[in-house]
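Coordinates in review
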Amino acid sequence: MRLLSAALLVLAAAAAVTATFLPLSELLIRLAPDQPQTAYVTTGWSTHFGGTKDEHGPLFGIPAVAAAAVVLTGLRWRKVAFAGAAALAGVTGMLFVYLLNAISFHKEGNIAIDPGLQAGFGDGVWMLIAATVLAFGAVVVHPDD
């Protein structure tokens, strides 16, 4: 069981870190009727609107990577593995609610500008959720200290 727990913890941490480089949210909007849609993409480390990087974008990757580090520390102690899984769940939940709010705001506020507007979660959010499930799975099979 120790080997399975270790594998799940390593996989969870790797998935959480990888998720920070994938799109967390994506918005495609046409700012004028005769223009193509412009992509507004947020990752854990940057936000881009078209080809422009937002210099003040939130760094969602920092708490996710910190939680992943705690998950890895849990290789030795079950309680630390549980704390890491809980931290990862907290980061993922906070990010999910924040992005859900932002996506809803963009859809409601801009639908008149572009009826073809598309907004939603990116692959990074789904990978963070999977990492959280893996981390809690590792805690379940982790041998007692």
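Analysis parameters
Residues numbered from 1 in each chain as written. Predicted model: local features only at pLDDT ≥ 70, side-chain atom pairs only at ≥ 80, totals over all residues. Heavy atoms only, no water. Pairing = 2+ DSSP bridges. Helix = DSSP H or I, 4+ residues; strand = E, 2+ residues; numbered from the N terminus.

A word on the pairing of strand S2 (residues 38–42). On a regular strand, each side chain points to the face opposite its neighbour's, so the side chains alternate between the two faces of the sheet. Bridge analysis of strand S1 (residues 25–29) against S2 gives five bridges, and the strand direction is antiparallel. Paired with Ile29 across the bridge in S2 is Thr38. Pairing of S2 with strand S3 (residues 47–49) involves three bridges; the strand directions are antiparallel. Within S3, the position partnered with Val41 by the bridge is His48. Linking S2 to S3, which pair antiparallel, is a turn of four residues.

In this section: the sheet that holds strand S4 (residues 52–53). As summarised here, the arrangement of the five strands in space is S4-S3-S2-S1-S5, forming an open sheet in which the pairing is antiparallel. Of all the strands in the sheet, just S4 and strand S5 (118–121) have a single pairing partner and so form its edges. Summarising the sheet, S3 and S4 pair through two bridges and their orientation is antiparallel. Each bridged residue has a counterpart across the sheet, and for His48 the counterpart in S4 is Lys53.

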